[in-house]
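Coordinate analysis (summary)
Each chain is listed here by its residues.
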Amino acid sequence: MGNIIRKHVLLAVMLFVQACCIMAQNATEMVTFKTDSLSLIDKTGEYKIVADLPVNANSILTKAIGEFIAEELGNGHPDNANTLYDMMRHSFDLNVKALHMEQQEISGEDGDGPLFAWESRFNAVCVADNFVTYRHEGYIYTGGAHGLSSHTGMTFRKDDGRRIGWDLFLNTNAAGFQRLMKEGLKSYFNVDTDEELNTCGLIDLTVVPLPACSPLFTEKGVLFIYQQYEIACYAAGAPEFVIPYEKLIPYLGITAKKLIGVVP
């Protein structure tokens, strides 16, 4: 009986070690991408999607990336999508259909309406040992003075597809962290003082809020991106800046430090 128990324990240990080795391999393998696109030009306007899709990522990471792209496009990941390209085609068709209906409502029977424009781009901007970072840039015009752009993205942990959020940061209201944020914004707006910075925003920038966009981990540091109108006027664009990792170390939790390889 004792031998049987020992054999079962040994088997369980071997399976656990094997699983850990697979996760480590998934985390460090170099993921590669293929750029796919879909486009349509018709009498209502011009529509386009361009996306970097992983071709050799593990299934967990691939699913996480697919879900993110589908959510950014405003619809869920369809059950019948066998590949990320199928999912992208499904999302593209749904968006174009909705925009066609909106354009028809505006144009009426005479068909005298504005030409629409809709574009969505997903770029894999960083592929590191432990993470993959996507940046999403969207644009839509459905009439009016100007179109609207969106600037979002997501960092994924490679071994399990975990999305990286601001919850991995510490003390973001601390004076040191706020000083880094203000330095980044001053560089973007090309100003020197806190007083000048406050004149650039639609809100009080005495305490700079975290962006709605998740933190984007890149090769050189964390990319902070704000949306149009989030903290500044439309003419100011989408403020963005990178804070180097070495400056952020005091404000990163253990999970974020492991992600960038600061701790084993």
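Our structure's up above, just so we're on the same page.
What comes next is a walk through the structure. (Residues numbered from 1 in each chain as written. Predicted model: local features only at pLDDT ≥ 70, side-chain atom pairs only at ≥ 80, totals over all residues. Heavy atoms only, no water.)

1. Some points on the packing of aromatic side chains
Aromatic ring pairs are defined here through the distance separating the ring centres and the angle between the ring planes. Applying the stated criterion across every chain, the model contains 16 aromatic pairs. Judged by centre distance (6.3 Å) and plane angle (65°), the ring pair of Phe169 and Phe217 falls under edge-to-face. In this pair, Phe169 is assigned in the loop between β5 (148-157) and α4 (175-189) and Phe217 in strand β6 (residues 216-217), connecting sequence segments 48 residues apart. Grouping aromatic residues by their ring pairs yields a cluster made of Phe131, Trp166, Phe169, Phe177, Phe217, Phe224, Phe241, Tyr245 and Tyr251. (Phe/Tyr/Trp six-rings, centres within 6.5 Å; stacked < 30°, edge-to-face > 60°. Helix = DSSP H or I, 4+ residues; strand = E, 2+ residues; numbered from the N terminus.)

2. So, the sheet that holds strand β4 (residues 131-141)
Pairing is mixed in the open sheet, where five strands are placed in the order β1-β2-β3-β4-β5. This sheet does not close on itself; its edge strands, each paired only once, are β1 (33-42) and β5. With direction set aside, neighbouring strand axes in the sheet form an average angle of 15°. Two elements, strand β3 (residues 116-127) and β4, share ten bridges in a ladder whose sense is antiparallel. What sits directly across from Ala124, in β4, is Tyr134. Running over the sheet, helix α2 (residues 59-72) touches β2 (45-54), β3, β4 and β5 and is turned about 165° from β5. The sheet strands contacting helix α3 (residues 84-107) are β1, β2, β3 and β4, and the helix crosses β1 at an angle near 25°. (Pairing = 2+ DSSP bridges. Axes fitted to C-alpha atoms, helices over the stretch in contact; angles between N-to-C directions. Contact = heavy atoms within 4.5 Å.)

3. As for the pattern of salt bridges
If you walk through the whole model with that rule in mind, you get eleven salt bridges. The partner of Asp159 in a salt bridge is Arg157, and the shortest N-O contact between them spans 3.6 Å. Exposure remark for Asp159: the relative accessible area of 18% places this residue in the buried category. The network of salt bridges with common partners includes Arg135, Glu137 and Glu240. (Salt bridge = Lys/Arg side-chain N within 4 Å of Asp/Glu carboxyl O. Buried < 20%, exposed > 50% of the residue type's maximum accessible area, 1.4 Å probe, protein only.)

4. Some words on unusual backbone geometry
We note that Asn190 has phi near 60°; this positive angle belongs to a residue other than glycine. Assessed through its relative accessible area of 69%, Asn190 is described here as exposed.

5. What about a nonpolar patch on the surface?
On the surface, a nonpolar cluster with roughly 430 Å² of combined accessible area is contributed by Ile140, Leu148, Leu202, Ile203 and Tyr229. Relative to the elements of secondary structure, Ile140 occurs in strand β4. A relative accessible area of 34% places Ile140 in the partly exposed class. (Patch = residues over 30% accessible without salt bridge, like charges linked within 9 Å, V, L, I, M, F, W, Y side chains within 5 Å. Areas by Shrake-Rupley, 256 points an atom, 1.4 Å probe, with all protein chains shown as cover.)

6. Some details on the nonpolar core
Core analysis: the biggest nonpolar cluster contains 31 residues, and Phe169, Leu185, Phe217, Phe224 and Leu248 have the highest contact counts within it. Looking at this core, the elements with two or more residues in it are α4, β7 (221-225), β8 (240-244), α6 (245-248) and α7 (254-259). A per-element tally of this core places α4 first, with five residues. Residues in contact with Phe169, not counting those within four places in the same chain, are Phe177, Pro215, Phe217, Val222, Leu248, Tyr251 and Leu252. Ala57, Leu73, Trp118 and Met154 belong to the second largest nonpolar core, which has 27 residues in total. (Core = buried A, V, L, I, M, F, W, Y, C linked by side-chain atoms within 4.5 Å.)

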